[in-house]
Amino acid sequence: MNPEEREELARLLPSPGEPVLTSDRHDLLQEHLMRELTKEVQDTREITTAPGARERAPRRRFAMIAVPLATATAVAATVVVSTVGSKTPTTDQEAVDLLNRIAAVAAAKKSVTVRDDQYVYIRTQGSLEITEVEDSGTQIFRRSNWTAVNGKRPGLARITVLSGPNLPGHRTAKGTPEDMRLSPNPNVTTYRELEALPTDPDALLKKIYADTKGQGPTHHGAALEMIGDMLDDATLLPEVGAALYRATAKIPGVSVVENAKDLAGRPGIGLTFKDRDDRDTWVFDKKSLNYLGSEEEALLGVGVVDKIGETPGT
């Protein structure tokens, strides 16, 4: 088509006009823009148990960029085409399939009969960033926890520092266990409370969203944080564990990490989360799909024992 024909055709076509936004759409776009102009800066969470110690997991803090309202409105008008019809980030199908396979493996495990007078034993490997002391650095430690099944009796934490500096005021030699009494804590989910959770994934996710309402920088992130905190104990509850993984598959922004390692260096396949505050990665054995822990804490052992100090099988 020559230039004259294009010009003639243009005259015959109606003008596309300017896009007109309703007032509520305009307000929504302006709010969206201001969220987009929020920048994330990394910080670390203070450990409340000792001064000078910081968790390795980062926390997001938000700093708003000052933008004149007229400028923001003008920019909002320019993004109307890209925002109209945009969708909430969704969990990719590979992650959904993996979570459902993990759930099937968890559900097939044999359940354990547990008495109220027993203790849940969990052994982990973790890390701490020790700061504001002369010998600063990363501490790697192993921790064994004995917690009462019903949460009504004191428990025990046995911590062994493997490498790195000690906490301020702690002089225990590396490789030597140090015991700490664990008082009953109403803010910690007990085994019995975990056991009572609904095993329907939709009902479970609804409860988790309700329990974490107003927490975290995002609603999804707070829910994932709560689920992650329950996975260690949930390995003893096949139906609950399976429901937690199936509920996770319904949260947007979950994706697969083909090659991941837990904090103990064990390789596996991982799941990472767009809205998780610390961007942690859950790690699973590639063959068995058993939960290994995460990049920030490795799960080394879990079971039920009769007395504090005992380990499963002893």
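The structure displayed is predicted, hence computed values, not measured ones. (Residues numbered from 1 in each chain as written. Predicted model: local features only at pLDDT ≥ 70, side-chain atom pairs only at ≥ 80, totals over all residues. Heavy atoms only, no water.)

Check the secondary structure of the chain and you find 9 helices and 11 strands. When each of the 314 residues of the chain is scored for burial, the buried share is 38%. Per element, the accessible surface of the chain, about 17900 Å² overall, is 53% carbon and sulfur. (Helix = DSSP H or I, 4+ residues; strand = E, 2+ residues; numbered from the N terminus. Buried < 20%, exposed > 50% of the residue type's maximum accessible area, 1.4 Å probe, protein only. Areas by Shrake-Rupley, 256 points an atom, 1.4 Å probe, with all protein chains shown as cover.)

It is worth spelling out the side chain of asparagine 145 at this point. By the secondary structure assignment, asparagine 145 is in strand E4 (residues 137–148). Only 2.7 Å separates the side chain of asparagine 145 from the side chain of arginine 143, close enough to count as a polar contact. (Polar contact = N/O pair within 3.5 Å; in protein donor to acceptor, adjacent residues only side chain to side chain.)

The nonpolar side chains of a soluble globular protein tend to be buried with one another. Counting 44 residues, the largest nonpolar core has Leu244, Tyr245, Leu271 and Phe284 as the members making the most contacts within it. Each residue touching leucine 271, except ones within four places of it in the same chain, is listed here: Ala95, Leu98, Leu99, Ile102, Val254, Ser255, Val256, Asp280, Thr281, Trp282 and Phe284. In this structure, Tyr119, Tyr121, Trp146 and Val305 belong to the second largest nonpolar core, which totals 6 residues. (Core = buried A, V, L, I, M, F, W, Y, C linked by side-chain atoms within 4.5 Å. Contact = heavy atoms within 4.5 Å.)

Moving on, we get to the packing of helix H5 (residues 93–107) against helix H9 (residues 238–248). Helices that pack against each other are described as a pair by the angle of their axes relative to one another and the distance between those axes. At a minimum axis separation of 8 Å, H5 and H9 run at an interaxial angle of 175°. On the basis of the axis angle, H5 is roughly antiparallel to H9. Facing Leu99, Asn100, Ile102, Ala103, Ala104, Ala106 and Ala107 of H5, the residues of H9 in contact are Pro238, Glu239, Gly241, Ala242, Tyr245, Arg246 and Thr248. Classifying every residue of the contact of H5 with H9 gives 9 nonpolar, 3 polar and 2 charged. (Axes fitted to C-alpha atoms, helices over the stretch in contact; angles between N-to-C directions. Parallel < 35°, antiparallel > 145°, perpendicular 65-115°, else oblique. Nonpolar A, V, L, I, M, F, W, Y, C, P; charged D, E, K, R; others polar.)

Turning our eyes to something else, we now look at the packing of aromatic side chains. Per the counting criterion, the structure on display carries 4 aromatic pairs. Judged by centre distance (5.7 Å) and plane angle (70°), the rings of tyrosine 245 and phenylalanine 284 are edge-to-face. Residue tyrosine 245 is located in helix H9, and its partner phenylalanine 284 is located in strand E9 (residues 281–284); the two are separated by 39 residues in the primary sequence. Through a chain of ring-to-ring contacts, the aromatic side chains of Tyr245, Phe284 and Tyr291 assemble into a single cluster. Between arginine 153 and the ring centre of tyrosine 119, over which it is positioned, the NZ or CZ distance is 4.7 Å. (Phe/Tyr/Trp six-rings, centres within 6.5 Å; stacked < 30°, edge-to-face > 60°. Lys NZ or Arg CZ within 6 Å of the ring centre and 35° of its normal.)

Summary statistics for the chain give a mean pLDDT of 77 and a share of 68% for residues scoring 70 or more. When the criterion is pLDDT under 50, residues 14–88 qualifies, and its contacts beyond four places in sequence or with other chains add up to 88 contacts. (pLDDT = per-residue confidence, 0-100.)

Time to look at the pairing of E4. Pairing geometry for strand E3 (residues 119–130) and E4, over 12 bridges, is antiparallel. The residue bridging isoleucine 122 from the neighbouring strand is asparagine 145, located in E4. Where E4 hands over to strand E5 (residues 155–163), the hairpin turn is made up of 6 residues, of which glycine 151 adopts a positive phi near 75°. (Pairing = 2+ DSSP bridges.)

To continue, consider the pattern of salt bridges. Tallying each qualifying case throughout the model produces 8 salt bridges. Arginine 115 is the partner of aspartate 117 in a salt bridge, and the nearest nitrogen-oxygen pair spans 3.0 Å. You can call arginine 115 partly exposed: its relative accessible area is 42%. Note that aspartate 202 is salt-bridged to lysine 250, the shortest N-O span being 3.4 Å. Highlighted residues: aspartate 202 in helix H7 (residues 201–211) and lysine 250 in the loop between H9 and strand E7 (254–261), separated in sequence by 48 residues. Bridged by salt links that share partners, the residues Arg115, Asp117 and Asp306 form one connected network. (Salt bridge = Lys/Arg side-chain N within 4 Å of Asp/Glu carboxyl O.)

For the pair H7 and H9, the least separation of the axes is 8 Å and the interaxial angle reads 75°. Classified by the interaxial angle, the pair formed by H7 and H9 is roughly perpendicular. Residue-level inspection shows Pro201, Leu204, Leu205 and Ile208 of H7 in contact with H9, the latter providing Ala243, Leu244, Arg246 and Ala247. Across the contact of H7 with H9, the residue classes tally to 7 nonpolar, no polar and 1 charged.

For the rest of this paragraph, the subject is the side chain of threonine 124. Following the sequence through the fold, threonine 124 ends up in strand E3. In contact with threonine 124, not counting residues within four places along its chain, are Phe141, Arg142, Arg143, Asp232, Glu297, Ala298, Leu299 and Leu300.

A few words on H5. Along its 15 residues, H5 runs 21 Å from first to last C-alpha, staying within 8% of the 21 Å computed at 1.5 Å per residue. For H5, the full list of buried residues reads Ala95, Val96, Leu98, Leu99, Ile102, Ala103 and Ala106. Seen along its axis, H5 keeps its buried residues to an arc of 165°; they face one direction. Looking at the buried side of H5, the elements it contacts are H9, E7, strand E8 (267–273) and E9. (Expected span 1.5 Å × (residues − 1). Arc of directions from axis to C-beta.)

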